[in-house]
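Inside the fold
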Amino acid sequence: QVQLVESGGGSVQPGGSLRLSCAASRSAFSINAMRWYRQAPGKERDLVANITYGGNTNYADSVKGRFIISRDNAKNTVYLQMNDLRPEDTAVYYCNADLLQFPWHNYPDLWGQGTLVTVSS
């Protein structure tokens, strides 16, 4: 089954770092933007970062200067490097992408399963 598979979440202290990964399965690939969202308990899901196929990036104001989104198109994988983590970064993080699979199939607006990031003292 074509899907996005996430990994890398965990529990860290404030100031720590984590790197999230999200990989397309079954030879699927993306030629469009890939994104990371997060959803804190009791809150709406918010866009964290976006990256185009060519590597142009955008970030939510709350993570600028701390998070870095990147992608490896050969591996069909998007990453989120999270540095200087703060308690308010605690959330379930989801990747999002439109995937293609040769020769016929298009899988728009797929979501990863979510990975929990907890930042606490």
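For the structure given in this document, a descriptive report is provided here. The structure presented is a predicted model; accordingly, all values stated were derived computationally and were not measured. (Residues numbered from 1 in each chain as written. Predicted model: local features only at pLDDT ≥ 70, side-chain atom pairs only at ≥ 80, totals over all residues. Heavy atoms only, no water.)

Attention now goes to the overall build of the protein chain. A count of helices and strands for the protein chain gives zero helices and 11 strands. Counting from the amino terminus, the protein chain carries its helices and strands in the arrangement β-β-β-β-β-β-β-β-β-β-β. A globule of 121 residues ought to have a C-alpha radius of gyration of about 14 Å, and the protein chain, at 14 Å, matches this closely. For the protein chain, the C-alpha atoms occupy an extent of roughly 50 × 25 × 25 Å along the three principal directions. Counting across all 121 residues of the protein chain, residues that qualify as buried make up 40%. Within the protein chain, residue pairs in contact and separated by at least 24 positions form 55% of the contacts whose partners lie at least 6 positions apart. Total accessible area on the protein chain is roughly 6,600 Å²; 48% of this is exposed by carbon and sulfur atoms. Between the mean site of the 11 positive side-chain charges and the mean site of the 10 negative ones, the protein chain shows a separation of 4 Å. (Helix = DSSP H or I, 4+ residues; strand = E, 2+ residues; numbered from the N terminus. Rg over C-alpha atoms; globule rule 2.2 N^0.38 Å. Buried < 20%, exposed > 50% of the residue type's maximum accessible area, 1.4 Å probe, protein only. Contact = heavy atoms within 4.5 Å. Areas by Shrake-Rupley, 256 points an atom, 1.4 Å probe, with all protein chains shown as cover. Lys, Arg positive; Asp, Glu negative; His and termini not counted. Charge placed at Lys NZ, Arg CZ, Asp CG, Glu CD.)

Another aspect to go through is the sheet that holds strand β3 (residues 18–24). Taken together, four strands build an open sheet; the order of strands is β1-β3-β8-β7 and the sheet is antiparallel. Each having just a single partner strand, β1 (4–7) and β7 (67–72) make up the two edges of the open sheet. Averaged over all neighbouring strand pairs, the angle between strand axes comes to 15°, with direction disregarded. (Pairing = 2+ DSSP bridges. Axes fitted to C-alpha atoms, helices over the stretch in contact; angles between N-to-C directions.)

Let us now look at the environment of Ala23. Note that Ala23 resides in strand β3. As a C-alpha pair, Ala23 and Gly112 span 89 residues in sequence and 8.8 Å in three-dimensional space. Beyond its immediate stretch of four places on either side in the chain, Ala23 contacts Gln3, Leu4, Val5, Asn76 and Thr77.

In this section: the state of the cysteines. Overall, the coordinates contain one disulfide when judged by the stated rule. The disulfide partner of Cys22 is Cys95, and the gap between their sulfur atoms is 1.9 Å. Given an S-S torsion of about 55°, the disulfide between Cys22 and Cys95 has right-handed geometry. Taken as a pair, Cys22 in strand β3 and Cys95 in strand β9 (residues 91–101) lie far apart in primary sequence, 73 residues in all. Residues Cys22 and Cys95 agree in their burial class; the two are buried. (Disulfide = S-S within 2.5 Å.)

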